[in-house]
Amino acid sequence: MTAVSDPANEEDVEELTGSADGGELNTADCDASPPDADAPDSEPVLRPPTEDDLAHLVDLAFATATAWTSLPDRFYTLARGTGIDPDSAPTQPVLRALGFFLTEETKSGRRLVELRWKTGFHTEALPPPRLRSVADAEAEAWERLAGKVTHPAARARLLDMLVLRGGTGTPDRAAAAVAAYLDHAMAPSTVIRRSGDDDVEARWLDRGLTLSLGRALSLTRIAAAAATGPAITKRAVAVALNFSGARVRSKRPQVGSALSTLALLAANRGLLDPAETAQLLSLIEEEAAHHADLDHVVDQLMDLLILVDPSRREAAHRVRVKTRLDLAVGREPMVAMGFLEEAARLARTFHLDDLRDEAVREMQRVARFDHGLRSISTQITIPGSILDAEVRRASDGADWRESMSNWLATPAPSGGLASNERTSRHIASLSVVRRLASVVLIGADNMPRWRPETEEDRDAYELSRTEIMRMTLSGELLSAALDRIVGLHGVPPVTELSMFLAGNGSGNVALATALARSFHRYWSGDYEGSLHTAAVRVEAGARALVLLLDEPAYTVARTKAQGKYVGLDQLLDILARRDFDPDWDRFIRTFLLGPTGQNLRHDVAHGFILKEPSPSTAALALRACSLFVHLLWEPSTSLDIRSDPTMPRPAWTIMDAVRSTIGTAVRSPRLVPALLRSEAAAFRAALQRGRR
């Protein structure tokens, strides 16, 4: 056979472990002289090819290729190099046949290798052929060419095209295609003999060989109806097992090829007899042992193990968990914590209580070490006049009552929700690293609390970061305003402050008194006491408001659980349905709750805050609690039936409700009427009691 191409300059060739000797192509009798260098504009004279020319070019294209996807362009280049017109009519069936590529797919849970059309530089003008309707003349050209080519991969491709077209003799062609694909997988190299130069050995990349083997296994179902079907199927399984074994035991790691072949064998496990199944399971376990330092590889291999032998499900899950436990040993605390957290999560999912306990114990041990976390900070400069104006706006007043009224009228410290959403989207769009970096929120105890897993989680995290930045500044302003109030007017007595916060006694006096004591702790410098007493009472305020709206918030007792009210998160959900101001809703959630927020309520309630908090943090807790205390109103407590049973006095007027920081009548069109209805109901009840 003759050829006129120098493949040494076509593409780098990678030597592969476990390959067998292939065929030879001789280029000694060919004229591959380039065009005259003195006539760069001259066009070579190209001629239409004969069938023998096409067979030779196809063989040479497959011999010098290293992957299935490079065949059309390789054929086109070789054709022009030998003076053959690649755009002539006789070459079109060949280009169409070479325009497909092998790819792994999963259909109905079964892993297959399929032929798919690839649009390339020299095939983009060709429409994707509908193989079932390919003309007889083109199919006959493929069949004649399949009888002339010598390279096994070339023969396999042409026969595969005929199998996909269908028709009489399809099972026999499928059996022949399987045999050719197997020959290619076993003999991937070709020696190119060139005149006046050293011979060149061209080898296919291992990925291409794996695809050939996978396509052979995928075609066995069609080939089963052929006379040679059972024998060729048996050979395909044997070759695939040997191929996998060679890659599993290779001195050079070939995890990709081994994984793909093992997965294809597992998908075609129905073709294996018991001995072959045992061999496959052994190879899977051996490969998992070789790559015990790659947890994602172990996961894939254990999934294959379960697919082949479902009775070994628990053992496979144990391997997955133990792999993470082993990877955590000797690692830096932060890295070890990541592996241990994943081990605990998997153990819980798989109900492996002993391994879950082991992982959690290790997490608790690692949490005691320094994780090497470093703070990254930035500074912004705000003109002092602006800061001073904001502090004055929140603290000015002729007396402490007027000053506190201004402080209580400050907006949500986290800012407006709509503005924060725009800001977080803008920041995310500017930072590629911010979107790609892995995020783990760590609690005060060094234990991982939460990590985003979806795009929605990532957006929620970005929004919380923006809100926390604004809260940091607002906390400083609120703290400075509280200091200025006592600087101007002195510290108000607890009794007077509590009555003021309770609307001169018409609100929740008990909760207002507790809040007044928290303010006093702040002004005395006991920021820790102020924070701990104010933060945990936000829930009490929210619960009182929900009950005022006559919403169900109590969970009755069950067999092993006592009756209780729902938590702060659920209380906020109830208020949100009643048009609670979304800006305040976001502040409460981001400041006190998780998973993306600061989760301060949890840390305070469970004793994780051991350091003295900052004045700004205490001021934010006071602002959160005062929101609900200032909003609370209870008509029943202000009704004095004994003195005047026919004229009970409502706690708030309608304008008081409209002016409340829970939202204006425009922003919260349903909440104010709901409060009005609640007051009216209490008014009617008082009248009825008075008549009785």
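Residues numbered from 1 in each chain as written. Predicted model: local features only at pLDDT ≥ 70, side-chain atom pairs only at ≥ 80, totals over all residues. Heavy atoms only, no water.

Draft legend 1. Structural view of the overall build of the protein. What the protein contains, in helices and strands, is 29 helices and 9 strands. The 692 residues of the protein split such that 48% are buried. When the accessible surface of the protein is summed, it comes to about 33,700 Å², and 52% of that surface belongs to carbon and sulfur atoms. (Helix = DSSP H or I, 4+ residues; strand = E, 2+ residues; numbered from the N terminus. Buried < 20%, exposed > 50% of the residue type's maximum accessible area, 1.4 Å probe, protein only. Areas by Shrake-Rupley, 256 points an atom, 1.4 Å probe, with all protein chains shown as cover.)

Draft legend 2. Focus on the nonpolar core. Ranked by internal contacts, the top residues of the largest apolar core, which has 86 residues, are F62, W68, F75 and L301. No other element matches the 9 residues that helix α6 (residues 170-186) contributes to this core. Not counting chain neighbours up to four residues away, the residues in contact with L301 comprise L259, L262, I284, E287 and A288. Listed in part, the 63 residues of the second largest apolar core include A516, L548, L549 and L571. (Core = buried A, V, L, I, M, F, W, Y, C linked by side-chain atoms within 4.5 Å. Contact = heavy atoms within 4.5 Å.)

Draft legend 3. Up close: helix α24 (residues 568-577). Among all positions in α24, only L568, L571, L572, I574 and L575 are buried. For α24, the angular spread of the buried residues around the axis is 155 degrees, confining them to a single face. The elements touched by buried residues of α24 are α23 (538-548), α25 (582-592), α26 (600-605) and α27 (615-631). Phi for D579, located one or two positions after α24, is positive at around 65 degrees. (Arc of directions from axis to C-beta.)

Draft legend 4. How the structure looks around helix α15 (residues 384-395). With 12 residues, α15 extends 16 Å from end C-alpha to end C-alpha; this agrees with the ideal 16 Å at 1.5 Å per step. Where the residues of α15 are buried, they touch α16 (400-408) and α19 (455-489). (Expected span 1.5 Å × (residues − 1).)

Draft legend 5. Geometry of unusual backbone geometry. Across the junction of G594 and P595, the peptide omega takes the value 0 degrees, indicating a cis bond. Inspection of the secondary structure assignment puts P595 in the loop between α25 and α26. The backbone of D550 sits at a positive phi, close to 60 degrees, despite the residue not being glycine. Relative to the helices and strands, D550 is located in the loop between α23 and β8 (554-555).

Draft legend 6. Geometry of the packing of helix α1 (residues 51-64) against helix α4 (residues 136-148). Interaxial distance between α1 and α4 falls to 9 Å at its minimum, and their mutual angle equals 65 degrees. Read as a crossing pair, α1 and α4 show a hand that is right-handed. Here E51, D52, L54, A55 and V58 of α1 lie close against α4, whose contacting residues are R144, L145 and K148. Its residues assigned to classes, the contact of α1 with α4 shows 4 nonpolar, no polar and 4 charged. (Axes fitted to C-alpha atoms, helices over the stretch in contact; angles between N-to-C directions. Left-handed = near helix turned anticlockwise from the far one by under 90°. Nonpolar A, V, L, I, M, F, W, Y, C, P; charged D, E, K, R; others polar.)

Draft legend 7. Looking closely at the packing of aromatic side chains. Taken as a whole and assessed by the stated rule, the structure comprises 13 aromatic pairs. With a centroid separation of 5.8 Å and an interplanar angle of 75 degrees, the aromatic rings of W584 and F587 are classed as edge-to-face. In this pair, W584 and F587 are both assigned in helix α25, 3 residues apart and thus about one turn of the helix distant. Across this residue pair, the class does not change: W584 and F587 are buried. With a centroid separation of 5.6 Å and 10 degrees between ring planes, the pair formed by F587 and F591 is classed as stacked. Of this pair, F587 and F591 both sit in helix α25, separated by 4 residues, roughly a single helical turn. Comparing F587 with F591 shows no difference in burial state: the two are buried. One aromatic cluster in this structure is built from F62, W68, Y181 and W204. Between the NZ or CZ atom of R247 and the centre of the ring of F243, over which it lies, the distance is 3.6 Å. It is R449 that lies over the ring of F608; its NZ or CZ is 5.5 Å from the centre. (Phe/Tyr/Trp six-rings, centres within 6.5 Å; stacked < 30°, edge-to-face > 60°. Lys NZ or Arg CZ within 6 Å of the ring centre and 35° of its normal.)

Draft legend 8. Quick look at the pattern of salt bridges. Under the criterion given, the structure shown has 41 salt bridges. In this structure, E539 and R543 form a salt bridge, with 3.7 Å as the shortest nitrogen-oxygen distance. Pair noted here: E539 and R543 are both in helix α23, with a separation of 4 residues, about one helical turn. (Salt bridge = Lys/Arg side-chain N within 4 Å of Asp/Glu carboxyl O.)

Draft legend 9. Up close: the environment of A61. Take A61: it is sitting in helix α1. Separated by 11 residues in sequence, A61 and P72 place their C-alpha atoms 8.4 Å apart. Sequence-distant contacts of A61, defined by excluding residues within four places in its chain, comprise L71, R74, F75 and L78.

Draft legend 10. Quick look at a nonpolar patch on the surface. Residues L547, Y554, V556 and Y565 make up a contiguous nonpolar surface patch of roughly 400 Å² in combined accessible area. In this structure, L547 sits in helix α23. On the basis of relative accessibility, which here comes to 40%, the residue L547 falls in the partly exposed class. (Patch = residues over 30% accessible without salt bridge, like charges linked within 9 Å, V, L, I, M, F, W, Y side chains within 5 Å.)

In short, geometric facts, not functional conclusions.
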